[in-house]
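Listed here are the chains, written in short residue letters.
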Amino acid sequence: MKWRPAIVVFVIMAAWSAAHAEETLFDGNITHGWFFGPAWKMTSLNGETTHLSGGRGAWIINHTYMLGFGGYGLDSEKEAPGNASRILGRTGLEWMFRYGGFEFEYVSKSDELIHWSAYCLVGSGSITYSDPDDHNFDMDDNVFIVEPAVFATINLTKWLRGGAGVSWRLAGDVDIPGLAEDDIGGPSAMIELRFGKF
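All of these numbers come straight from a predicted model, not from anything done at the bench.

(A) Quick peek at the side chain of Asn 155. Here Asn 155 lies in strand E7 (residues 134-155). Its relative accessible area of 17% is what places Asn 155 among the buried residues. Side-chain polar atoms of Asn 155 contact the backbone oxygen of Ser 110, separated by 3.1 Å. In this structure the side chain of Asn 155 is engaged in a polar contact, spanning 2.9 Å, whose partner is the backbone oxygen of Glu 112. Apart from the residues within four sequence positions on either side, Asn 155 is in contact with Ser 110, Asp 111, Glu 112, Leu 113, His 115, Leu 160 and Arg 161.

(B) Quick look at the packing of aromatic side chains. On inspection of all chains with the given rule, the structure shows 10 aromatic pairs. When the ring of Tyr 72 is compared with that of Tyr 99, the centres are 5.4 Å apart and the planes differ by 40°; the resulting orientation is tilted. Of the two residues, Tyr 72 is situated in strand E3 (residues 65-74) and Tyr 99 in strand E5 (residues 94-108); the sequence distance between them amounts to 27 residues. Linked through ring pairs, Trp 34, Phe 36, Trp 159 and Phe 195 together constitute an aromatic cluster. The cationic tip of Lys 41 hangs over the ring face of Tyr 72; the distance from NZ or CZ to the ring centre is 3.9 Å. Note that Arg 194 overlies the ring of Phe 151, its terminal NZ or CZ placed 5.8 Å from the centroid.

(C) Representation of the pairing of E7. As judged from the 18 bridges shared by strand E6 (residues 114-131) and E7, these two strands associate in the antiparallel manner. Each residue of the ladder has a partner; that of Ile 127, found in E7, is Asp 141. As consecutive antiparallel partners, E6 and E7 are separated by two residues. Here E7 pairs with strand E8 (residues 160-172) via 10 bridges, running antiparallel. Its bridge partner lying in E8, Val 150 is registered against Val 166. Connecting the antiparallel pair E7 and E8 is a turn made up of four residues.

(D) How the structure looks around a nonpolar patch on the surface. Residues Trp 40, Leu 113, Ile 114, Ile 154, Leu 156, Ile 191 and Leu 193 make up a contiguous nonpolar surface patch of about 640 Å² in total accessible area. Within the fold, Ile 114 resides in strand E6.

(E) Representation of unusual backbone geometry. At Asn 46, a position not held by glycine, the phi torsion is positive, near 55°. Among the residues examined, Asn 46 registers a relative accessible area of 28% and is labelled partly exposed. One non-glycine residue, Asn 62, lies in the positive phi region at around 55°. With respect to the secondary-structure elements, Asn 62 resides in the loop between strand E2 (48-61) and E3. By relative accessible area, which is 22% here, Asn 62 ends up partly exposed.

The rules behind these values
- Residues numbered from 1 in each chain as written.
- Predicted model: local features only at pLDDT ≥ 70, side-chain atom pairs only at ≥ 80, totals over all residues.
- Heavy atoms only, no water.
- Helix = DSSP H or I, 4+ residues; strand = E, 2+ residues; numbered from the N terminus.
- Buried < 20%, exposed > 50% of the residue type's maximum accessible area, 1.4 Å probe, protein only.
- Polar contact = N/O pair within 3.5 Å; in protein donor to acceptor, adjacent residues only side chain to side chain.
- Contact = heavy atoms within 4.5 Å.
- Phe/Tyr/Trp six-rings, centres within 6.5 Å; stacked < 30°, edge-to-face > 60°.
- Lys NZ or Arg CZ within 6 Å of the ring centre and 35° of its normal.
- Pairing = 2+ DSSP bridges.
- Patch = residues over 30% accessible without salt bridge, like charges linked within 9 Å, V, L, I, M, F, W, Y side chains within 5 Å.
- Areas by Shrake-Rupley, 256 points an atom, 1.4 Å probe, with all protein chains shown as cover.
- Salt bridge = Lys/Arg side-chain N within 4 Å of Asp/Glu carboxyl O.

Below is the structure:
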């Protein structure tokens, strides 16, 4: 019968498709979680050791992949670089730095008491000069930030984790008097708390 060859071809194609199933990043049952929490960094800005505070939050996929956002900044304004004051013809200038962006993190064996992870932030930052004696003066510069990091995390409870790590902040497009990319970029030591469903 004429239709039998068609059936044979169909069966062969179906068997081949089953044997060569599409591969995907996430397979089977996918688990979901989340976390948020505060973070603190010890770093160097313009050659001065200082600290940044901020926070992170993320969606957790299969206890392994985290997609989220983070933001960090100086707690208070700092004295602006001396050459910035000279260039702009002002004394007593202060400056502020904040940055944030999208973060992707890979976590290894998150069910173990102490485990490691690696993540990278890609985003932007803002450098602002202000004059305490002249509230009409304000100069801003938007910069590009990339910051890879490695972390060690400890599972404190089912809903709380603590971590510590190191990162390296890379800055680009710095275009403001008195500061350059190397003044904004550099290493950081970081600690954080994570509250959530892991």
